[in-house]
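Chain and residue survey
Next come the chains, spelled out residue by residue.
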Amino acid sequence: MPAAYVIADVDVSDPEQYKAYMALSPGAIAAAGGEFVVRGGRHEPLEGHWVPGRVVVVRFPSYEAAKAFYDSPPYLVARAAREGATRRFNMIIVEGV
């Protein structure tokens with residue numbers, strides 16, 4: 001079964017409030033079998049016009065596990081804590097290798 005990746009592009013507007021999300025999301029990710037591959041860090045555009053803010057990549061054992069994570073009770077709590085702390089929060093799931 002192929003792995004799946006959750007990729008987020010985040011523009012944080014309230015760093016203090018966002019800390020609550022950052023404290024809650026790792027437990028929700030781990031509970032669904034996920035692991036961080038990228039969590040912030042240095043980045044730069046190489047082609048195109050995409051200028052992401054904070055980039056996060058999480059690997060899950062399957063597409064289904066990634067979907068289950070997103071709708072899980074622990075991540076619903078994390079999402080509620082994040083509400084209003086970002087100007088932009090784009091997230092996708094992509095099947096990978």
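See above for the structure.
Let us look at the structure shown here.

The tally for this structure, following the rule as stated, stands at six aromatic pairs. Centre to centre, the rings of Tyr 18 and Tyr 21 are 5.3 Å apart; their planes meet at 45°, and the pair counts as tilted. With Tyr 18 and Tyr 21 both in helix 1 (residues 15–31), this residue pair falls three residues apart, about one helical turn. A relative accessible area of 3% means that Tyr 18 is categorised as buried. Since its relative accessible area comes to 7%, Tyr 21 is described here as buried. Here the aromatic residues Tyr 18, Tyr 21, Phe 60, Phe 69, Tyr 70, Tyr 75 and Phe 89 are joined through ring pairs into a cluster of three or more. Its guanidinium or amino end placed over the ring of Tyr 70, Arg 79 lies 4.0 Å from that ring's centre, counting from NZ or CZ. For Arg 82, the ring lying beneath its charged end belongs to Phe 89, and the centroid distance is 3.6 Å.

Strands in a sheet are paired, the pairing made by backbone hydrogen bonds, and the direction either parallel or antiparallel. Reading across from one edge, 2-3-1-4 is the order of the four strands in this open sheet, with antiparallel pairing throughout. On the outer flanks of this sheet lie strand 2 (35–39) and strand 4 (86–95), each paired with one strand and no other. Neighbour-to-neighbour, the strand axes of this sheet turn through a mean angle of 15°, independent of strand direction. As defined by bridge partners, strand 2 adjoins strand 3 (residues 54–60) across four bridges and the pair is classed as antiparallel. What sits directly across from Val 38, in strand 3, is Val 57. Against the sheet, helix 1 contacts strand 1 (4–12), strand 2, strand 3 and strand 4, and its axis sits at roughly 145° relative to strand 2. Here helix 2 (residues 63–70) sits on the sheet in contact with strand 1, strand 3 and strand 4, set at roughly 155° to strand 4.

For helix 1, built from 17 residues, the straight-helix expectation of 24 Å at 1.5 Å per residue is met to within 8% by its first-to-last C-alpha distance of 25 Å. Along helix 1, the largest kink reaches about 25° and is centred on Leu 24; proline Pro 26 follows within four residues of it. Those residues of helix 1 not exposed but buried are Tyr 18, Tyr 21, Ser 25, Ala 28 and Ile 29. Summarising the contacts, the buried residues of helix 1 are in contact with strand 1, strand 2, strand 3, helix 2, helix 3 (73–82) and strand 4. Gly 33 sits one or two residues past helix 1 and shows a positive phi near 85°.

Rules used in this analysis
- Residues numbered from 1 in each chain as written.
- Predicted model: local features only at pLDDT ≥ 70, side-chain atom pairs only at ≥ 80, totals over all residues.
- Heavy atoms only, no water.
- Phe/Tyr/Trp six-rings, centres within 6.5 Å; stacked < 30°, edge-to-face > 60°.
- Helix = DSSP H or I, 4+ residues; strand = E, 2+ residues; numbered from the N terminus.
- Buried < 20%, exposed > 50% of the residue type's maximum accessible area, 1.4 Å probe, protein only.
- Lys NZ or Arg CZ within 6 Å of the ring centre and 35° of its normal.
- Pairing = 2+ DSSP bridges.
- Axes fitted to C-alpha atoms, helices over the stretch in contact; angles between N-to-C directions.
- Contact = heavy atoms within 4.5 Å.
- Expected span 1.5 Å × (residues − 1).
- Bend = angle between axes of the 7 residues up to and from the residue.

Worth remembering: the numbers are spatial, not functional.
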